[in-house]
Protein chains: 2
Amino acid sequence: MKKEALRFEIKKVDPRTNARLGVLHLPHGDIETPVFMPVGTQATVKAMTPDELKNEVKAKIILGNTYHLFLRPGHELIKEAGGLHQFMNWDGNILTDSGGFQVFSLGALRKITEEGVEFRSHIDGTKKFISPEKSMEIQNALGSDIMMAFDECAPYGASYAYVKNSMERTTRWAKRCKEYHQAVEKQALFGIVQGGFYKDLREKSANDLTKLDFPGYAIGGISVGEPKEEFIDILRYTAPLLPQEKPRYLMGVGSPDYLIESAIAGIDMCDCVLPTRMARNGTALTHYGRLNLLNAKHIHAFETLDQDCDCYTCKNYTKAYIHHLFKAKEILGARLLSIHNLRFLVHLMEDIRTAIQEERLLEFREEFYEKYGYKK
Amino acid sequence: MKKEALRFEIKKVDPRTNARLGVLHLPHGDIETPVFMPVGTQATVKAMTPDELKNEVKAKIILGNTYHLFLRPGHELIKEAGGLHQFMNWDGNILTDSGGFQVFSLGALRKITEEGVEFRSHIDGTKKFISPEKSMEIQNALGSDIMMAFDECAPYGASYAYVKNSMERTTRWAKRCKEYHQAVEKQALFGIVQGGFYKDLREKSANDLTKLDFPGYAIGGISVGEPKEEFIDILRYTAPLLPQEKPRYLMGVGSPDYLIESAIAGIDMCDCVLPTRMARNGTALTHYGRLNLLNAKHIHAFETLDQDCDCYTCKNYTKAYIHHLFKAKEILGARLLSIHNLRFLVHLMEDIRTAIQEERLLEFREEFYEKYGYKK
């Protein structure tokens, strides 16, 4: 049996919640969990250099998007470049998604069959096709440390029949992915649990995928527009269905409260475009709530964004200056807020890990929510 | 008599040309000349952090634009922030222009009188007024290390009568600037020689301004669209008209050949938006000529931009990757080329200084032109 690319070590389990402290041992370094992973859709975390991600944000793993990289510049070109790490100059770990979520988001532009999904490129309208095998071929070419099985993410509000059908196909596709993917000592392939907001379907999905014995499991189809109560309910139900000893990855979650709730539910990994997208729109995440830097109240605010933040932006710049940069449409504005927002979330995960270690995660949540001004 | 903010030391004069090696002693550090100064129009060198300017580009002085900063965020706000250095987190030197060039570039939107210039803001259309005294007030508030007297830059092709009138007013305005500006121990005020492409007017302008005894002199109204021969001719005529012992600043010049010709003519300082503007448009300056990174020939170019460059971009990224970033409209593309283009010009000035030191500036020009593919 081949040595697996990933080894997951659980250091501590919270006696009062499902949270756990762990270490992901991966080809490009060890990662303490729970962890937040910045998203680098097109072979770049928007507005950031890899050096800033490493030294300022202190990120150790980032995401790449299979759908985008398949279309542009193409996985074969990236393979020719020596893989995604080398192409983009990132020597930390990379997780690639399966392309499923983006393809299904195309709506009327795609057609699903048992074989795979035919769709039209959002760039030039040409016809493309991704099957489970193609998704593996692309991700093998990219050379990510963690790959995702090709799945269908059913839309929020889809009927039981639709979600059941889609979830069962996702399991069949997961099997095909596992059969195709051979480089298990270099790249760890995760299965993705689907089943929407139907608990029996989540249970069936988790059970069937567990039998396939993936080195880790993702939860898809949550945080897709549902109310927060429903998010927490399905998350708390689904996470414990997955093998205790394997890492659990909740896809597409990045707001501070969702990250805290995820850790409590026993999630080890999260990712989201939220911090960088918000940054480009002029919004900062802070310990005292969100700030819209375009707001005129910041014109004379000669103070830092967040007194509790240790990032480059907070060490060197005032709200007044960042306000000016956004009013003047200067690139540096997006840069400074991207650094801050990413560091804020990575910092939050560090605080969550400390709280788990000290067995005070629930108290940490209360304190964080109060400072931030969240309603529980 | 007050101690002046600027002291200029000439270390060596080239025996075969008018080039000289010098050091500008300024409040925010010493600067070896000839020097290229990156432009930070709106309190930021576009797409760059001050740290990158210092550590990657190795710039020691940058420009700020009085017109832009007056309109947004306003010089009073910057004064309140502690001055432009503190507002933008730059601890090197800053030179501010007078606002003249930008105001006159507004064309039909401005009206010139002896008192000053009335114009409409390009941002919101409101009426504004800049006089020589107002330009000083703004630049005093910004707290730049070197300030420019308020001048009129006549357009290329303007009649003798127009240029004469405008040049004489520029001299009268220079006198008013000198009278208004009191903080000479903190900020050095330069006069600006005008006179278009009429040599007798250049001579009169230089003579009259020299009598006013500024600590340095700029040459304006060159590199405004004229053919290269005309540029070199008027430059070589005008530079020696200025006091030998004072620094000479040629405004708005930044292409590699113009920088070399300027040094040969005895110019000590140059600035231009060219390297950063080109960078944002996908063009790299290299020792082997200009490269348009959007060109499809770079798709598979897994090599660095310029093998002779020592910048962060050239140490870490391929043309193929930068091509991808521009095709995908990623901010990092503009960032990487901005670092490279600025470093390229700062590096060129280092090479020019070495060539002056070694008394081989003319040979350096030949070698550079041949490699670059310039016609002489």
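See above for the structure.
Our subject in this report is the structure included herewith. All of these numbers come straight from a predicted model, not from anything done at the bench. (Residues numbered from 1 in each chain as written. Chains lettered and ligands numbered in written order. Predicted model: local features only at pLDDT ≥ 70, side-chain atom pairs only at ≥ 80, totals over all residues. Heavy atoms only, no water.)

## Details of the relation of the copies chain B and chain A
Next, step 1: The operation relating chain B to chain A is a screw motion whose rotation component is 180°, with 0.0 Å of axial translation and a residual RMSD of 0.0 Å. Given the turn and translation reported, the copies of this chain are related as if by a two-fold rotation axis. Nearest to the rotation axis, the C-alpha of Ile331 of chain B is located 3.9 Å from it, this being the minimum over chain B.
Next, step 2: A high fraction, 100%, of the interface residues of chain B reappear at the interface in chain A, so the copies pair face to face through one surface. (Least-squares fit on C-alpha atoms with pLDDT ≥ 70 in both. Contact = heavy atoms within 4.5 Å.)

## Structural notes on the packing of aromatic side chains
Next, step 1: Scanning the entire structure with this criterion turns up 26 aromatic pairs over all chains.
Next, step 2: Between Phe231 of chain B and Tyr258 of chain B the ring centres are 3.9 Å apart and the planes differ by 20°, which places this aromatic pair in the stacked class. A residue pair is termed long-range when its members are at least 10 positions apart, and Phe231 of chain B in helix 9 (residues 228-238) and Tyr258 of chain B in helix 10 (residues 256-265) qualify at 27 residues. Each member of the pair, Phe231 of chain B together with Tyr258 of chain B, is buried.
Next, step 3: Look at Tyr317 of chain B and Tyr321 of chain B: their rings are 5.5 Å apart centre to centre, the planes differ by 15°, and that puts the pair in the stacked class. The two residues Tyr317 of chain B and Tyr321 of chain B agree in class, both being buried.
Next, step 4: One aromatic cluster is present, formed by Phe87 of chain A together with Tyr312, Tyr317 and Tyr321 of chain B through successive ring pairs.
Next, step 5: The side chain of Lys128 of chain A reaches across the aromatic face of Phe70 of chain A, ending 5.9 Å from its centre.
Next, step 6: For Arg169 of chain B, the ring lying beneath its charged end belongs to Trp173 of chain B, and the centroid distance is 5.6 Å. (Phe/Tyr/Trp six-rings, centres within 6.5 Å; stacked < 30°, edge-to-face > 60°. Helix = DSSP H or I, 4+ residues; strand = E, 2+ residues; numbered from the N terminus. Buried < 20%, exposed > 50% of the residue type's maximum accessible area, 1.4 Å probe, protein only. Lys NZ or Arg CZ within 6 Å of the ring centre and 35° of its normal.)

## Let's talk about the interface of chain B and chain A
Next, step 1: Taken together, the contacts link 36 residues of chain B with 36 residues of chain A.
Next, step 2: Taken together, the links from chain B to chain A amount to four salt bridges.
Next, step 3: Of the charged contacts in the structure, one is a salt bridge between Glu52 of chain A and Arg335 of chain B, with a shortest N-O distance of 2.8 Å.
Next, step 4: Here chain B is connected to chain A by 22 residue pairs in polar contact (both at pLDDT 80 or more).
Next, step 5: Residue assignment for the side of chain B that touches chain A shows that the elements contributing at least two residues are helix 1 (50-57), helix 3 (75-80), helix 4 (84-88), helix 12 (312-316), helix 13 (319-327) and helix 14 (331-357) of chain B.
Next, step 6: Among the elements that line the side of chain B that touches chain A, the one with the most residues is helix 13 of chain B, at five residues.
Next, step 7: In terms of residue class, the side of chain B that touches chain A is made up of 20 nonpolar, seven polar and nine charged. (Salt bridge = Lys/Arg side-chain N within 4 Å of Asp/Glu carboxyl O. Polar contact = N/O pair within 3.5 Å; in protein donor to acceptor, adjacent residues only side chain to side chain. Nonpolar A, V, L, I, M, F, W, Y, C, P; charged D, E, K, R; others polar.)

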